[in-house]
Amino acid sequence: MKVTIKDLTKKFASRDKTGEMVTAVDTLSAEFESGKLIALLGPSGCGKSTMLNMLSGILPVTSGKIYFDDVDVTDLSPDKREVGLVFQNYALYPHMTVLENICFPLKIKKVPKAERIEKAVEIAKMVHIEDYLKRLPKELSGGQQQRVAIARALVKKPKLLLLDEPLSNLDAKLRVEMREEIRRIQRESGVTTVFVTHDQEEATSISDYILLMKLGVMQQFSATREIYNNPGNLFVADFIGNPTINQIHGTYTADGIKADGCDELIPCAIKANEGDRVVFAVRPEAVIFENEKNTVNATVNDLYSSGKDWLVNFMIGDTDLRGYCDADFNVSEGSKIKVGFKEKGAFLFNEATGERY
Ligand SMILES: Nc1ncnc2c1ncn2[C@@H]1O[C@H](COP(=O)(O)OP(=O)(O)O)[C@@H](O)[C@H]1O
Ligand SMILES: [Mg+2]
């Protein structure tokens, strides 16, 4: 099922008793293609849960519209929307077995017992929990409990699956394992899924599309690879990517960028206006070490092995930067080197507005 959001806005009376309104989601428009996994990403408090709760119908909208396919569901109650919900705290019923938990939504719908068991077992197999059907939630690991929560959300065959930070309570290793599982389950079930997370790595690893928000405002909505390769503004470039993108502040000239605290000009193929204050942003993998032409002098601060290659911390003028070099690149702390930048992975932004040139 396709989801269309049009100028969606949610305002709350502020919690700090000033009486002012907080705009948690601000005139947000987007279209979620049927069968895709969309990550709703952004820092804590940017409006992700508010968005999700409006999609599920738990929260009424302040203004704007929500369409499921071409049906306006903006004022439809949650039980009529056919959505499945999974939260961070899985909220399984503690006194029910795994099977009873998964069956519960069907019981509410008065599906006959034999049929609901059949459907629950089918979903339990999909999420790989079929060997634990007789156990109570407390007899399961965190990851297994989350599988049950997902099965319970899927058993009604929802048209939309909504997951709000579902992996936050799991430890790091399990989080990685479970995100791959969610990806697999989403692919197998084919259900349109919106996955909320503040973790850009998690979002990037599982989604088809990323919708990145800041203070209720959509910053970019793109295919996952596109948002990394083609960030629309400095906030997006900075939020996506680990290690984070390098940022060189300076003044634009036609001959190169006069970086703060640096006597040389940094070559830059992107055009701006003479004298503009800019941020030249470069992905760590776009740094070239020991390049002959278009190079700038730099000093190595330190190096870390990242397995197959080295992460080099270095300085140009006053700016700390990072890049990757081959393991056999012979440098050490304090080495004077020359570095260049590839065009792919290098972007130019206006310093004041963050807009991309
Ligand atoms: N019920 C509420 N009453 C008042 N303010 C709220 C309420 N729910 C959320 N907010 C505010 O709306 C903003 C977005 O919150 P939320 O959607 O929970 O963000 P996220 O899920 O991205 O962390 C925050 O400033 C939050 O304090
Ligand atoms: Mg939230």
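Use the structure listed above.
If you're wondering where the values come from, they're calculated on a predicted model, not measured in any experiment.

(A) Expanded view of the side chain of threonine 50. As for its position among the elements, threonine 50 is in helix H1 (residues 48-56). Under the relative-accessibility criterion, threonine 50 is labelled buried at 11%. Discounting residues that sit within four places of it in the chain, threonine 50 has contacts with Lys10, Phe12, Ala24, Val25 and Leu59.

(B) A look at the packing of helix H2 (residues 98-108) against helix H4 (residues 142-154). Axis separation between H2 and H4 bottoms out at 7 Å; the angle between their running directions is 30°. One finds that H2 runs roughly parallel with respect to H4. Of the two elements, H2 crosses H4, and the hand of that crossing is right-handed. For the pair H2 and H4, the contacting residues are Val98, Asn101, Ile102 and Pro105 in the first and Val148, Ala151 and Arg152 in the second.

(C) Spatial organisation of helix H5 (residues 172-189). Compared with the 26 Å implied by 1.5 Å per residue over 18 residues, the 26 Å span of H5 between its first and last C-alpha is a close match. Against strand E3 (37-41), helix H3 (113-126), H4, strand E7 (160-164), strand E8 (192-197) and helix H6 (200-206) lie the buried residues of H5. One or two residues past the end of H5 sits glycine 190, with phi positive at roughly 70°.

(D) Summary view of the sheet that holds strand E6 (residues 83-86). Taken together, six strands build an open sheet; the order of strands is E6-E7-E8-E3-E9-E10 and the sheet is mixed. Strands at the two margins of the open sheet, each flanked by one partner only, are E6 and strand E10 (217-223). When strand polarity is set aside, the average angle formed by the axes of neighbouring strands in this sheet is 15°. As defined by bridge partners, strand E9 (residues 209-214) adjoins E10 across six bridges and the pair is classed as antiparallel. When the bridges of E10 are listed, lysine 214 appears paired with valine 217. H4 rests against E6 and E7 of the sheet, and its axis sits at about 165° to E6.

(E) Structural detail: the pattern of salt bridges. All chains considered together, the criterion is met by 12 salt bridges. The closest approach of N and O atoms between glutamate 122 and lysine 157, which form a salt bridge, is 3.3 Å. You can see glutamate 122 sitting in helix H3 and its partner lysine 157 sitting in the loop between H4 and E7, a full 35 residues away along the chain. Classification of glutamate 122 as partly exposed rests on a relative accessible area of 44%. Classification of lysine 157 by relative accessible area gives partly exposed; the value is 48%. For arginine 277, the salt bridge is made with aspartate 260, and the minimal N-O distance between the two is 3.0 Å. In this pair, arginine 277 is assigned in strand E14 (residues 277-282) and aspartate 260 in the loop between strand E12 (256-259) and strand E13 (265-266), connecting sequence segments 17 residues apart. Owing to a relative accessible area of 32%, arginine 277 belongs among the partly exposed residues under this scheme. In the salt-bridge network here, residues are joined through shared partners; they are Arg147, Glu181, Arg184 and Glu188.

(F) Structural view of the nonpolar core. Ranked by internal contacts, the top residues of the largest apolar core, which has 33 residues, are Ile102, Ile150 and Leu154. Within the residue set of this core, elements represented by two or more residues are H2, H3, H4, E7 and H5. With six residues, H4 is the largest single contributor of residues to this core. For leucine 154, the contacting residues outside a window of four places in its chain are Ile123, Met126, Leu161, Ile185, Ser189 and Val191.

(G) Structural detail: the site of ligand 1. Taken together, Phe12, Ala13, Arg15, Ala24, Pro43, Ser44, Gly45, Cys46, Gly47, Lys48, Ser49 and Thr50 make up the full set of residues adjacent to ligand 1. The contact in question runs from an oxygen atom of ligand 1 to an N or O atom on the backbone of cysteine 46, over 3.2 Å. Coverage of ligand 1 by the protein amounts to 71% of the 560 Å² it exposes when considered alone. Top element by residues in the shell around ligand 1 is H1. It accounts for three residues. In terms of residue class, the shell around ligand 1 is made up of five nonpolar, five polar and two charged.

Conventions adopted
Throughout, residues of each chain are indexed from 1 in the direction in which the sequence is written. Labels are handed out in written order, letters beginning with A for the chains and numbers beginning with 1 for the ligands. For this predicted model, a pLDDT threshold of at least 70 governs which residues receive local features, and a threshold of 80 or more governs which side-chain atom pairs are given and counted, while totals over whole chains, interfaces and linings are taken from all residues. By convention in this description, side-chain values take in all heavy atoms of the structure and omit both hydrogens and water. Numbered from the N terminus, helices here are DSSP runs of H or I no shorter than four residues, and strands are runs of E no shorter than two. Classification of residues uses two cut-offs on accessible area relative to the type maximum, computed with a 1.4 Å probe and protein chains only: under 20% is buried, over 50% is exposed, and between them is partly exposed. Only heavy atoms enter the contact rule, under which two residues are in contact if any of them lie within 4.5 Å. In this analysis, axes come from line fits to C-alpha atoms, helices being fitted only over the stretch in contact, and the angle between any two N-to-C directions falls in the range 0 to 180 degrees. Angles below 35 degrees are treated as roughly parallel, those above 145 as roughly antiparallel, those between 65 and 115 as roughly perpendicular, and all remaining angles as oblique. Note on convention: the crossing is left-handed when the near helix lies turned anticlockwise from the far helix by less than a right angle, right-handed when the turn is clockwise. To estimate how far a helix should reach, multiply one less than its number of residues by 1.5 Å. Strand pairing is assigned whenever DSSP detects at least two bridges linking the two strands. In what follows, salt bridge is the name for a side-chain nitrogen of Lys or Arg lying within 4 Å of a carboxyl oxygen of Asp or Glu. Residues enter a nonpolar core if they are buried and are Ala, Val, Leu, Ile, Met, Phe, Trp, Tyr or Cys, with the set joined through side-chain atoms within 4.5 Å. The nearness test applies per residue and asks whether one of its heavy atoms lies within 4 Å of the molecule or strand. Distance and chemistry together define a polar contact, namely a pair of N or O atoms within 3.5 Å, with one atom able to donate a hydrogen and the other to accept it when in protein, and with adjacent residues in sequence counting only for side-chain atoms on both sides. What sets the accessible areas is the Shrake-Rupley method with a 1.4 Å probe; for residues, cover comes only from the shown protein chains. Each residue receives one of three labels: charged for Asp, Glu, Lys and Arg, nonpolar for Ala, Val, Leu, Ile, Met, Phe, Trp, Tyr, Cys and Pro, and polar for the others, Gly being one of them.

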